[in-house]
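# Fold and geometry: a report
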Amino acid sequence: MFIVDSHCHLDALDYDNLHKNIADVVEKAYTREVKHLLAIGVTLSRFEKAYEELKEFDNISLACGVHPLDFEEEPYDAERLLRLAQDKKVIAIGEIGLDYYYSAENKTEQQAIFASQINIANQLNKPVIIHTRSAGDDTISMLREHQAEKCGGVIHCFTETLDFAKKALDLGFYISCSGIITFKNAEAIREAIRYVPVDRLLVETDSPYLAPVPYRGKENQPAYTREVCEYVAALKGVSMEEFAQITTQNFERLFKINVQ
């Protein structure tokens, strides 16, 4: 069996208490059939800092981008992003998007940086990895306006409505399920995921955040993608082995990469 964690923040895991190093995280994941990881960037400086260690792993791919909640850490530099994202280890622009839940007063700046990053993704023909919270309508309208269907992408850690899912699918986007899908109060999300065709689904941890049941409340890690995969497979009425294979193929198709 081959499972892909399509979204994890490897630079944010607990290396003081839970893991010795990146190799330890990778090994724990591998023993549970999670055999490829996509490590996500949230600022360009943090991406550069993590790059030197992560580049040594054949089974770790990288995404480079500026998160809507992190863009104030340093001045946004489109040229720097363009340069970093051309690296062959970088398979996507992300995590990018809009977040009005935590930060609504800087909507205009968020939108300008989001637009710039979509344009860079189109320029490089690399998919976008989308964060959206309390900003569904603007997220969809900006993806349309800036022709994100050209580069393609994924709505990561899906927490939106069925209507949003339909609009994202119409743009050719994929939908990624995180540990939230296993939470008791997530029935609206499960309803949307029941609708999404299996050939448009991915699985992820978003670790170190949002650990799935039965690990809820603990720090998340890529190994726990297995629980997400198992849960969504049951939700979709397919075997875990089949769903693991389908989501791995979806990952390869979206990101134009062979991982198996």
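The structure displayed is predicted, hence computed values, not measured ones. (Residues numbered from 1 in each chain as written. Predicted model: local features only at pLDDT ≥ 70, side-chain atom pairs only at ≥ 80, totals over all residues. Heavy atoms only, no water.)

### Points about the UniProt feature "binding site: a divalent metal cation 2" (unreviewed entry) in the protein
Within the UniProt annotation, "binding site: a divalent metal cation 2" (unreviewed entry) is assigned to His131 and His156. Judged by maximum C-alpha separation, these annotated positions cover 26 residues in sequence but sit close together in space, the widest gap being only 6.2 Å. Relative to the helices and strands, His131 resides in strand E5 (residues 128–133). Here His131 is in contact with His67, Pro68, Glu95, Ile96, Gly97, Leu98, Asp99 and His156, once residues within four sequence places are set aside. Side-chain polar atoms of His131 contact the side chain of His67, separated by 3.4 Å. Checked against the element boundaries, His156 lands in the loop between strand E6 (153–155) and helix H6 (162–170). In this structure His156 touches His7, Glu95, Ile129, Ile130, His131, Ser176, Glu204 and Asp206, once residues within four positions along its chain are discounted. (UniProt positions renumbered as here; feature names shortened; annotations may be inferred. Helix = DSSP H or I, 4+ residues; strand = E, 2+ residues; numbered from the N terminus. Contact = heavy atoms within 4.5 Å. Polar contact = N/O pair within 3.5 Å; in protein donor to acceptor, adjacent residues only side chain to side chain.)

### Observations concerning the pairing of strand E1 (residues 3–8)
Burial within E1 is extensive, with six of its six residues counted as buried. Pairing of E1 with strand E2 (residues 34–40) involves four bridges; the strand directions are parallel. Looking at E2, one finds that Asp5 is bridged to Leu37. Handedness of the crossover is the feature at issue here: the chain leaves E1, passes through helix H1 (residues 22–30), returns alongside E2, and the resulting connection is right-handed. (Buried < 20%, exposed > 50% of the residue type's maximum accessible area, 1.4 Å probe, protein only. Pairing = 2+ DSSP bridges. Right-handed = clockwise from strand over helix to strand, strands pointing away.)

### Notes on the UniProt feature "binding site: a divalent metal cation 1" (unreviewed entry) in the protein
The sites that UniProt annotates as "binding site: a divalent metal cation 1" (unreviewed entry) are His7, His9, Glu95 and Asp206. Maximum C-alpha separation among the annotated residues is 10.8 Å over a sequence range of 200 residues, consistent with a single clustered spot. Among the structural elements, His9 can be located in the loop between E1 and H1. Sequence-distant contacts of His9, defined by excluding residues within four places in its chain, comprise Ile40, Val42, Glu95, Asp206, Ser207, Pro208 and Tyr209. At a separation of 3.3 Å, a polar atom in the side chain of His9 contacts the side chain of Glu95. In this structure, Glu95 sits in strand E4 (residues 90–99). Contacts of Glu95, omitting those with residues within four sequence positions, involve His7, His9, Ile40, Gly41, Val42, Gly65, Val66, His67, Pro68, Ile129, His131 and His156.

### Examining the packing of helix H5 (residues 136–145) against H6
At a minimum axis distance of 11 Å, the contact between H5 and H6 shows a crossing angle of 10 degrees. Looking at the two axes, H5 sits roughly parallel to H6. Contacts from Gly136, Thr139, Ile140 and Arg144 in H5 reach Phe164, Lys167 and Ala168 in H6. Residue classes in the contact of H5 with H6 are distributed as three nonpolar, two polar and two charged. (Axes fitted to C-alpha atoms, helices over the stretch in contact; angles between N-to-C directions. Parallel < 35°, antiparallel > 145°, perpendicular 65-115°, else oblique. Nonpolar A, V, L, I, M, F, W, Y, C, P; charged D, E, K, R; others polar.)

### Comments concerning the nonpolar core
Of all hydrophobic cores here, the largest spans 74 residues; its most connected members are Leu10, Ile60 and Ile193. Sorting elements by how many residues they give to this core places helix H4 (residues 107–124) first, with six residues. Counting 16 residues, the second-largest nonpolar core is a separate cluster that includes Val4, Ile129, Phe251 and Leu254. (Core = buried A, V, L, I, M, F, W, Y, C linked by side-chain atoms within 4.5 Å.)

### Here's the deal with the sheet that holds strand E7 (residues 174–177)
In spatial order, the strands read E1-E2-E3-E4-E5-E6-E7-E8; together these eight strands make up an open sheet with parallel pairing. Lying at the two open borders of the sheet, with one neighbouring strand each, are E1 and strand E8 (201–203). Sheet twist, expressed as the average angle between the axes of neighbouring strands with direction ignored, equals 30 degrees. Where H5 meets the sheet, its contacts fall on E4, E5 and E6, and the angle it forms with E5 comes to roughly 155 degrees.

### Remarks on the state of the cysteines
Scanning the model with the defined rule gives zero disulfides in all. Its sulfur unpaired, Cys157 is 9.5 Å from the next cysteine sulfur, which belongs to Cys177. Overall, Cys157 belongs to the buried group, its relative accessible area being 11%. (Disulfide = S-S within 2.5 Å.)

### Thoughts on the environment of Cys64
Relative to the elements of secondary structure, Cys64 occurs in strand E3 (residues 60–64). Contacts of Cys64, omitting those with residues within four sequence positions, involve Leu44, Phe47, Leu81, Leu84, Val90, Ala92, Ile93 and Gly94.

### Digging into the packing of helix H2 (residues 44–54) against helix H3 (residues 78–85)
Closest axis-to-axis distance for the H2/H3 pair is 11 Å, and the angle between their directions is 25 degrees. By the criterion of interaxial angle, the relationship of H2 to H3 is roughly parallel. Helix-helix and strand crossings are classified by hand; for H2 and H3 the assignment is left-handed. Of the residues in H3, those touching H2 at Leu44, Ser45, Phe47 and Glu48 are Arg80, Leu81, Arg83 and Leu84. (Left-handed = near helix turned anticlockwise from the far one by under 90°.)

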